[in-house]
Amino acid sequence: MSQYMLTDAVLYTGFLVWFFLAGWYVKAAWLIFPVLLAVFISVTLTVICAALSHLVQRASEIQEEQELTI
């Protein structure tokens, strides 16, 4: 899941860079805030998904170690 969110963040960032390079920010300045918000949400969800994935993997490893002990 975190890979998908990271890809999403990269795509939104690429759109934002293209938006500025093409000079469209003069014509449609209202698009800047929604795109920045989408980038922020995507990056935040990427970090959250990566952290949860790590925690679940670690919990699985601990559970396997506990099953081996008597």
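All figures in this text were calculated on a predicted structure; none of them were measured in a lab.

A. Examining the overall build of the chain more closely. On a plain count of helices and strands, the chain comes out with 2 helices and 0 strands. The C-alpha radius of gyration of the chain comes to 19 Å, more than 25% above the 11 Å expected for a compact globule of 70 residues. Overall, the chain is about 70 × 15 × 10 Å in size when its C-alpha atoms are taken along their principal axes. Relative to its 70 residues, the chain shows a buried fraction of 19%.

B. Summary view of the environment of Lys27. Among the secondary structure elements, Lys27 is positioned in the loop between helix H1 (2-21) and helix H2 (32-68). Its relative accessible area of 73% is what places Lys27 among the exposed residues. Considered as a pair, Lys27 and Ser60 are 33 residues apart in the sequence and their alpha carbons are 52 Å apart.

C. Local environment of the packing of aromatic side chains. Counting across every chain of the model gives 1 aromatic pair. Look at Phe15 and Trp18: their rings are 6.0 Å apart centre to centre, the planes differ by 40°, and that puts the pair in the tilted class. Of this pair, Phe15 and Trp18 both sit in helix H1, 3 residues apart, roughly one helical turn. Using a relative accessible area of 31% as the deciding quantity, one classes Phe15 as partly exposed.

D. Layout of H2. Along its 37 residues, H2 runs 55 Å from first to last C-alpha, staying within 8% of the 54 Å computed at 1.5 Å per residue. All of the buried residues along H2 are Ile32, Val35, Ala38, Val39, Ser42, Thr46 and Cys49.

E. Spatial organisation of a nonpolar patch on the surface. Judged by side-chain polarity, Phe33, Leu37, Phe40, Ile41, Leu45, Ile48, Leu52 and Leu55 come together as a nonpolar surface patch covering roughly 790 Å² of accessible area. Positionally, Leu52 belongs in helix H2.

F. A look at the environment of Leu68. Along the polypeptide, Leu68 turns up in helix H2. Measuring from C-alpha to C-alpha, the distance between Leu68 and Ile48 comes to 31 Å, with 20 residues separating the pair along the chain.

Cut-off values and rules
- Residues numbered from 1 in each chain as written.
- Predicted model: local features only at pLDDT ≥ 70, side-chain atom pairs only at ≥ 80, totals over all residues.
- Heavy atoms only, no water.
- Helix = DSSP H or I, 4+ residues; strand = E, 2+ residues; numbered from the N terminus.
- Rg over C-alpha atoms; globule rule 2.2 N^0.38 Å.
- Buried < 20%, exposed > 50% of the residue type's maximum accessible area, 1.4 Å probe, protein only.
- Phe/Tyr/Trp six-rings, centres within 6.5 Å; stacked < 30°, edge-to-face > 60°.
- Expected span 1.5 Å × (residues − 1).
- Patch = residues over 30% accessible without salt bridge, like charges linked within 9 Å, V, L, I, M, F, W, Y side chains within 5 Å.
- Areas by Shrake-Rupley, 256 points an atom, 1.4 Å probe, with all protein chains shown as cover.
- Salt bridge = Lys/Arg side-chain N within 4 Å of Asp/Glu carboxyl O.

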